[in-house]
Amino acid sequence: MCPARVRLDTDASQLTARSHEVGSISEVQELFVTRGWTDGLPITPPTPELVNRLVAAAGLAPGHEVVAVPQLSRHLTVEMLAINAAMAGCGPRHFPVVIAALRAMGREEFNLHTVTVSGAATPLLVIGGPAVRALDVNAGFSVFGSGHVANATIGRAIRLVQQNLCGGESGVEDKATMGHPGKYAYCIGESADDNPWDPLHVDRGAIADSGVTVFAGEAPLMARNDWASDPEPILSTIADVMRVGHFTGGPTLVVLGPLHAQAAARAGWSRRDVCRFLHEHTRRSMADLQRAGRMPGPTAPENEDRFLNVSSRPEDILITVAGGHLYGYSAIVPHWVGGPESMPVAEPLPSPMPLRPHESRR
Amino acid sequence: MTVLTVLEPVPDKADIDVRPLAPRGLELSGVKLGLLDNGKPNSGAYLDLLSVELAEAYGVEVVMRLRKPGMGQTAPPAMISSLATHCDVVVTGVGDCSGCCVCSAHDGIVLENAGIPSTTVCTSEFLDAARGIAGTLGMPRYPFVVIDHPFGSRDQDDLRALATATRERVAWALASADPTTAGSAPANAPAAVTNGVDCAC
């Protein structure tokens with residue numbers, strides 16, 4: 001039995017969400033699990049006080065619409081996002097990143113609803129610029145791993161918003177065959193120290209010191225080349241891993257490890273040079289794809305000379321730099337199966353609040 | 001004793017206005033039919049076969065066939081406007097995944113709101129998602145025609161048989177004055193027409 005009583009008003013300011021009065025932390029967990037509002041992990045109770053702190057950090061009215069989900073005729077407000085971010089453990093310093101990421105995800109070309117409910121992708125957030133250090137976003141060792149508050153809570157907030165507000169409840173509307181381990185959290189920092197080029201968000205058109213890029217990506221694939229120091233063999237390794245993608249012509253995100261990025265920088269390669277090389281080396285003939293059963297129909301002779309690229313255009317290959325600097329690894333984040341029906345979007349971030357003395361870094 | 005007040009993280013569904021379907025009760029003979037293909041594999045082929053069946057059996061006139069630019073997107077307003085201008089009834093589909101099913105149902109319900117009777121063909125596995133969006137959009141009695149899942153891997157013979165098998169259900173969903181009242185439907189018609197309450201499939 002759910003122990004809570006529903007109350008339609010809140011004591012707090014202008015918040016309009018329905019509220020529940022509960023007797024203990026464990027009753028909060030029971031309520032949220034029973035209602036299907038969590039990702040399976042305990043949540044931070046979204047009290048009006050906590051939600052108000054996040055709303056204040058956003059500098060927007062609680063009823064301000066951040067993103068629309070037209071497929072559901074739904075308009076997501078700062079308050080709705082703040083409740084889910086609070087549940088995820090987001091602090092006031094992290095919440096503006098959640099707002100910016102959702103603003104990006106709300107752009108038509110990202111196709112938020114469909115990538116939420118179908119396929120094996122989930123939005124990857126790449127945070128770049130001074131915000132990475134200021135918010136203590138991990139951009140180094142085990143960059144896709146756990147253990148970092150900013151990566152974990154910002155990523156989890158996005159997931160809870162998708163689940164609770166965008167139709168992404170597992171097994172109900174989201175009937176993906178395999179899902180994605182990043183559906184708990186999928187958020188990394190870009191390493192400013194190791195990236196020889198512009199930040200990714202700047203390259204994608206968000207001209208600001210700090211920004212966040214959202215990309216509907218499948219789980220990262222590893223490309224290891226510890227033995228080469230020139231860009232060609234390293235990028236050939238990366239291209240070889242990319243060639244398992246869906247060949248539906250969507251974008252691809254490549255996270256160059258620091259050693260691989262240094263090899264490209266030493267040789268004087270620009271980001272465009274890297275993109276062009278990867279594009280040229282990630283095509284397969286339609287006949288080859290048919291022989292592998294990855295395209296329907298019998299192999300037609302003329303298809304030996306017809307080629308498809310993993311990503312249709314060089315500029316659809318996104319390059320960022322992150323990870324530890326001890327081994328020669330890069331990660332490839334393949335695109336959602338719908339290909340160009342979801343394109344990456346970058347959004348500027350406001351200058352982050354400085355760390356307070358008690359908010360120590362790891 | 002209350003120790004904590006917590007807020008709900010989901011939308012408040014209490015204030016959804018329930019709207020009626022577009023008026024039905026048509027004779028289908030001479031009615032102008034539009035097709036809105038979502039681009040999923042086999043959808044266009046099935047809708048074409050279905051439209052031939054509807055023309056032969058009921059005398060509908062197929063006047064418009066549009067394919068959406070993206071299967072996971074709702075139809076652009078210009079497409080909806082064209083269909084509403086030139087068609088008396090519209091069939092959308094085929095919804096065989098969550099994203100495309102919700103979008104095709106959304107398109108059909110937008111057309112209903114514009115006064116055009118429609119139905120969305122979806123597979124059994126996505127009827128829940130279809131019902132969900134119909135409820136969210138305030139049209140819980142929107143009629144779906146439900147076919148077996150999977151759909152995209154069927155061959156041409158299967159599609160032809162499917163078009164024949166669904167012809168009467170589609171006609172019922174488009175023309176019946178109350179397509180959601182199974183009891184008054186022809187015996188072989190209503191089985192897969194759902195009103196969001198039950199489905200025999």
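Enquirer: Can you break down the sheet that holds strand β8 (residues 221–224) of chain A residue by residue, with the values?
Expert: Residue and element names in this part refer to chain A. If you walk across this open sheet you meet the four strands as β8-β13-β9-β12, and the pairing is mixed. Of all strands in the sheet, those with a lone pairing partner are β8 and β12 (317–321), marking the two edges. When strand polarity is set aside, the average angle formed by the axes of neighbouring strands in this sheet is 25°. Strand direction decides the pairing type here: β8 and strand β13 (residues 329–333), joined by four bridges, are antiparallel. Bridging across to β13, Leu 221 finds its partner in Ile 332.

Enquirer: Account for the sheet that holds strand β7 (residues 211–217) of chain A, naming residues and giving values.
Expert: Consider a sheet: its strands pair through backbone hydrogen bonds, and that pairing is either parallel or antiparallel. Residue and element names in this part refer to chain A. On the basis of which strands lie adjacent, the open sheet formed by four strands has the order β6-β5-β7-β14 and mixed pairing. Pairing within the sheet leaves two strands with one partner each, and these edge strands are β6 (187–189) and β14 (345–348). Strand-to-strand twist of the sheet, defined as the mean angle between neighbouring strand axes without regard to direction, takes the value 20°. Of the pairings in the sheet, the one linking β7 to β14 comprises four bridges and is antiparallel in character. When the sheet's bridge partners are listed, Val 212 is paired in β14 with Glu 347. Packing of helix α7 (residues 149–165) onto the sheet brings it into contact with β5 (122–128) and β6, and relative to β5 it is tilted by some 145°.

Enquirer: How would you summarise the packing of helix α3 (residues 98–113) of chain B against helix α4 (residues 127–136) of chain B if you had to cite specific residues and measurements?
Expert: Residues and elements named next belong to chain B. One can describe the packing of α3 onto α4 by two numbers: an axis separation of 9 Å at closest approach and a directional angle of 40°. On the basis of the axis angle, α3 is oblique to α4. Where α3 crosses over α4, the two elements pack in a sense that is right-handed. Between α3 and α4, the contacting residues are Ser 98, Cys 101, Val 102, Ala 105 and Ile 109 on the first element and Ala 129, Ala 130, Ile 133 and Ala 134 on the second. Here the residues of the contact of α3 with α4 sort into eight nonpolar, one polar and no charged.

Enquirer: Requested: an account of unusual backbone geometry, with residues and values cited.
Expert: Here the bond from B:Gly93 into B:Val94 is cis, since omega is 5°, no more than 30 degrees from zero. Within the secondary structure, B:Val94 is located in strand β4 (residues 89–95). Following B:His149, the chain continues into B:Pro150 via a peptide bond in cis, with omega recorded as 0°. Looking at the element boundaries, B:Pro150 is found in the loop between β6 (144–147) and α5 (156–175). Positive phi outside glycine occurs at A:Asp136, with the angle close to 60°. Mapping A:Asp136 onto the fold places it in the loop between α6 (131–134) and α7. Backbone geometry places A:Ser142, a non-glycine residue, at a positive phi of 50°.

The rules behind each value
- Residues numbered from 1 in each chain as written.
- Chains lettered and ligands numbered in written order.
- Predicted model: local features only at pLDDT ≥ 70, side-chain atom pairs only at ≥ 80, totals over all residues.
- Heavy atoms only, no water.
- Pairing = 2+ DSSP bridges.
- Helix = DSSP H or I, 4+ residues; strand = E, 2+ residues; numbered from the N terminus.
- Axes fitted to C-alpha atoms, helices over the stretch in contact; angles between N-to-C directions.
- Contact = heavy atoms within 4.5 Å.
- Parallel < 35°, antiparallel > 145°, perpendicular 65-115°, else oblique.
- Left-handed = near helix turned anticlockwise from the far one by under 90°.
- Nonpolar A, V, L, I, M, F, W, Y, C, P; charged D, E, K, R; others polar.

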